[in-house]
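# Inside the fold
Below are the chains, spelled out letter by letter.
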Amino acid sequence: LFHTPELTPTTSQPACAIVIDVLRATTTIASALQAGAEAVQAFSDLEKLMAISEQWPGEKRLRAGERGGQKVEGYDLGNSPLDCTPECVGGKRLFVSTTNGTRALQRVEMAPTVLTAALVNRQRVVNYLQSVQPETVWMVGSGWEGSFSLEDTVCAGAIAHQLSQVTQRPLMELAANDEVVAAVALFQQWHDRLVDLLHHASHGQRLLRLGNTADLEFCAQLDVLTVLPMQRERGVLVKS
Ligand code: MLT
């Protein structure tokens, strides 16, 4: 959590929630929208995903399901950002359910503005925060089944650190809480070894056991995508 008061008080917007799931949901969402997906519709529940996606024309939809790091049987895609090529996702709506990321999204879907962030689109998120200056920013790490996640915390730190740099405002002036200050310290510790960080992370190790080494390398890249996924209606993210 941090605040951006007095940057330009007259244009200040209300609260903004930023959902982070570096491994891999929010990296995949950014990749899909960058590759030309029409939208990404997120579900915590697989049955609901099936019911809603049934109403969508077959040639315009892809179902992406992940549980425990693995693709859900019968789905078109799992949760790998590397599958999100323009040929595969261009012009389609992705109906997505993942173990933690889509649940985190559901928890904050009533916030006035909902964004998703990952290391890959960190700078785009910072640009948005700098220009819009929401009064309060909530950064929500998806974690793993309710527990702390190293990579989501480092991404939150990367966002706060960069915002502080570009606005030339120390974290104290951004009224960052103790968690943000700790997250920034963690980012500073790891910023030039982000692939190593993902290899240390418990979910990174799970993905490595499942053979997803290339996914970790992709997810560790900083500022390589220019897309800002933003919620347009409940659960539906579009490119902004
Ligand atoms: C999740 O939502 O828990 C993840 O993105 C898991 C994964 O597919 O790596």
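Throughout what follows, the structure given in this document is the object of discussion.

## Some details on the site of the ligand
- By nearness alone, 13 residues border the ligand, and Asn79, Thr98, Asn100, Gly101 and His203 come closest of all.
- Residue aspartate 21 places a side-chain N or O atom 2.9 Å away from an oxygen atom belonging to the ligand.
- Histidine 203 places a side-chain nitrogen or oxygen 2.6 Å from an oxygen atom of the ligand.
- A breakdown of the residues in the shell around the ligand according to their chemical character gives four nonpolar, six polar and three charged.

## Brief notes about helix H6 (residues 150-167)
- Helix length check: H6, at 18 residues, gives a terminal C-alpha distance of 26 Å against a target of 26 Å (1.5 Å per residue), a fit within 8%.
- H6 sits mainly inside the fold: 15 of its 18 residues count as buried.
- Immediately beyond the C-terminal end of H6, within one or two residues, lies glutamine 168, with a positive phi of roughly 50 degrees.

## Considerations on the side chain of serine 80
- Looking at the secondary structure, you find serine 80 in the loop between strand S5 (70-71) and helix H3 (86-89).
- Within the structure, the side chain of serine 80 is placed 3.0 Å from the side chain of aspartate 215, a separation counted as a polar contact.
- Once residues lying within four places of it in the same chain are set aside, the contact partners of serine 80 are Arg24, Thr28 and Asp215.

## Things to note about the pattern of salt bridges
- Tallied over the entire structure, the rule returns eight salt bridges.
- Its salt-bridge partner being glutamate 54, residue arginine 63 comes within 3.0 Å of it at the nearest N-O pair.
- Judged by its relative accessible area of 52%, glutamate 54 falls in the exposed class.
- Measuring nitrogen to oxygen at the nearest pair gives 3.0 Å for the salt bridge that ties glutamate 109 to arginine 234.

Here is what the cut-offs are and how they apply
- Residues numbered from 1 in each chain as written.
- Predicted model: local features only at pLDDT ≥ 70, side-chain atom pairs only at ≥ 80, totals over all residues.
- Heavy atoms only, no water.
- Near = heavy atom within 4 Å.
- Polar contact = N/O pair within 3.5 Å; in protein donor to acceptor, adjacent residues only side chain to side chain.
- Nonpolar A, V, L, I, M, F, W, Y, C, P; charged D, E, K, R; others polar.
- Helix = DSSP H or I, 4+ residues; strand = E, 2+ residues; numbered from the N terminus.
- Expected span 1.5 Å × (residues − 1).
- Buried < 20%, exposed > 50% of the residue type's maximum accessible area, 1.4 Å probe, protein only.
- Contact = heavy atoms within 4.5 Å.
- Salt bridge = Lys/Arg side-chain N within 4 Å of Asp/Glu carboxyl O.

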